[in-house]
Amino acid sequence: MSSTTNEAPTAPIQLSRKPPGGPSVGPYPKPAESGGQGAPGAGKTACIRTFGCQMNVHDSDRMRRMIQDAGYAEVQRYEEADLVILNTCYVRENAVDRVRGHLGELSRLRREGRVKKVALTGCIGAAEEAQSLQKTFDIDLVLGTHNTYELAEFVGLPTMRETYTPELPGTEGEHSAFVTIMTGCNYQCSYCIVPTVRGRMICRPLESVVGEIEDLVAGGTGYVTLLGQTVDAWRYEGRRFCDLLEAVSEVAPRVWFTTSHPSNMEDRTLRAIGERDTIVKRLHLPVQSGSDRMLKLMHRGYKADRYRRKISVFRDAAPEGTLSTDIIVGHPGETEDDHEQTLRLVEDCEFDSAYIFKFSPRRGTEAAALPGIVPDAIVQRRFLEVLRAVEQNAFRRNQRKVGGVEDIFVRHGATEDGKAIGETWSGHAVHVATEAAPGTYVRATIQSAGPHVLYAQTTN
Ligand code: SAM
Ligand code: SF4
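Please read these numbers as outputs of a predicted model, since none were measured by experiment. (Residues numbered from 1 in each chain as written. Chains lettered and ligands numbered in written order. Predicted model: local features only at pLDDT ≥ 70, side-chain atom pairs only at ≥ 80, totals over all residues. Heavy atoms only, no water.)

Right, let's talk about the overall build of the chain for a bit. Of the regular secondary structure elements, the chain holds 12 helices and 21 strands. Residue burial in the chain is summarised as follows: out of 460 residues, 55% are buried. For the chain, the accessible area works out to roughly 19500 Å², and carbon and sulfur atoms hold 50% of it. (Helix = DSSP H or I, 4+ residues; strand = E, 2+ residues; numbered from the N terminus. Buried < 20%, exposed > 50% of the residue type's maximum accessible area, 1.4 Å probe, protein only. Areas by Shrake-Rupley, 256 points an atom, 1.4 Å probe, with all protein chains shown as cover.)

Spelled out as structure tokens, the structure:
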């Protein structure tokens, strides 16, 4: 990456539902017609493993739909699968190391005749490194994020021309659903491989998003998460993200969105979070660093005080809401003073949680070639200092919830310990003892709180 200035999102490439001049989703069998006896994958099994962010989880949902439509039965263990699909993340090196480990194991299972075919999809599939991995591990199919749709043909379905199709929603759509509103990213953050592997921003038309959500809600979905690398950069035919969010909040009983970029986050959106009953009062706004010098080096396009100002708008709009962020420690050139400024910002913003990442050089990004590499021991110390600061704040804030009565949306039903995992309207994760099914609400009193989660008991 060579740009030295941050490239703010400009006019998005607009994707029509059916690209002109080619086979489209037309011949693709509808779920009711597919997956039967005569289906190409009838009698076969497939296993999908997902690494990385919600966008990958959602892409896996779409691929799951394809294999089901082709007649494959889904299994959880590699040993039982005719086809294994690894849907991968390339954002940090440790994610790639994990995938290499899985590919090694799959090579062995293939030699033993227990797995027949292996597909590598997602962000690694879109990276240059995919070619050498394909050779080393003899992978049958490599697909990037732009041509995931080719899996359809691979499993014997008619050819499709686009990966995104509202006709092919994820399968986890019973009570909660991810809805992609944009793909790609027009920024060029110094450290980030996403624009290389996911391409430039493409926004979906508002009507298409709202139409999909209306269908999901009619089918019983109670919680919709709008997805994109920079969701708040969404724009289409003069309409902006806040217009879309407001429209969605009118039709969805519960809505959240991720991930946002501080440069695109408008006050109107922050106020809507507080004002609109159906929007979960939870904001994920990655800051990356509290130092203006580092933010400039990273090409983030904002200063720390601008970020603080946005947070104060959010806190005013939704005082009970939760705020999370992403922080990178040890980016090349980060000094002790830069780190101190990050700690100060963490104190000021009182994050409820944070994803803290040690800088991982990605080949092809600007930061990978920058001088000023921070030694591992220092990175580790800074990592722990930021983590401690976040957790202390989070713990203090969570304590304030104890004794309160909350309506909790059950996300995952009870496990063996009898506890379900839910979410409050303020966006807190809660463990609650209940038999209630996912997708329903329970009323519960918060009994205690740790730094990451609240513990609640249902009220009668
Ligand atoms: N689009 C989002 C944004 O700009 O805030 C983030 C997308 S990225 C997949 C998720 C997070 O991974 C980033 O916010 C950043 O903190 C982290 N990340 C990305 N590249 C990284 C790298 N090379 N090393 C360490 N962390 C990285
Ligand atoms: Fe885009 Fe986010 Fe990566 Fe920056 S960190 S390039 S905004 S995906």
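As a further point, take the pattern of salt bridges. By the definition in use, this model includes 37 salt bridges. The salt bridge involving aspartate 61 is made with arginine 64; its shortest N-O contact spans 2.9 Å. Of this pair, aspartate 61 and arginine 64 are both found in helix α1 (residues 54–69), three residues apart, which corresponds to roughly one turn of the helix. According to the relative accessible area criterion, aspartate 61 is buried, its value standing at 3%. For arginine 64, a relative accessible area of 13% translates into the label buried. Salt-bridge contacts for arginine 308 lead to aspartate 305; the nearest nitrogen and oxygen are separated by 2.9 Å. (Salt bridge = Lys/Arg side-chain N within 4 Å of Asp/Glu carboxyl O.)

On to the site of ligand 2. Around ligand 2 sit Cys185, Tyr187, Cys189, Tyr191, Cys192, Val194, Pro195, Gln229, Thr230, His261 and Arg300, and that is every residue in its neighbourhood. Classifying every residue of the shell around ligand 2 by side-chain character gives seven nonpolar, three polar and one charged. (Near = heavy atom within 4 Å. Nonpolar A, V, L, I, M, F, W, Y, C, P; charged D, E, K, R; others polar.)

Along the polypeptide, isoleucine 421 turns up in strand β18 (residues 419–423). Separated by 13 residues in the primary sequence, isoleucine 421 and isoleucine 408 have C-alpha atoms spaced 9.1 Å apart. Residue contacts for isoleucine 421: discarding those within four places in its chain leaves Phe409, Val410, Arg411, His412, Val430 and His431. (Contact = heavy atoms within 4.5 Å.)

Take the site of ligand 1 next. If you check the shell around ligand 1, you find 16 residues, and the closest are Arg92, Gln229, Gln288, Asp326 and Ser360. With respect to ligand 1, the backbone of tyrosine 191 contributes an N or O atom lying 3.0 Å from a nitrogen atom. Glutamine 288 has a polar side-chain atom sitting 2.7 Å from an oxygen atom of ligand 1. Calculation on ligand 1 without its partners gives an accessible area of 570 Å², and the protein chains cover 92% of this total. (Polar contact = N/O pair within 3.5 Å; in protein donor to acceptor, adjacent residues only side chain to side chain.)

Hydrogen bonds along the backbone pair up the strands of a sheet, which may run parallel or antiparallel. What the five strands build is a closed barrel, ordered β17-β18-β19-β21-β20; its pairing is mixed. Between one strand axis and the next, the sheet turns by 55° as a mean value, whatever way the strands run. (Pairing = 2+ DSSP bridges. Axes fitted to C-alpha atoms, helices over the stretch in contact; angles between N-to-C directions.)

Our next topic: unusual backbone geometry. Along the chain, threonine 258 connects to threonine 259 via a cis peptide bond; the corresponding omega equals 0°. Here threonine 259 lies in the loop between β13 (255–258) and α8 (267–275). At glutamate 237, a residue that is not glycine, the phi angle is positive and equals roughly 45°. Among the structural elements, glutamate 237 can be located in the loop between β11 (235–236) and β12 (239–240). We note that histidine 299 has phi near 60°; this positive angle belongs to a residue other than glycine. Locating histidine 299 in the fold gives a position in the loop between α9 (292–297) and α10 (304–317). Exposure remark for histidine 299: the relative accessible area of 5% places this residue in the buried category.

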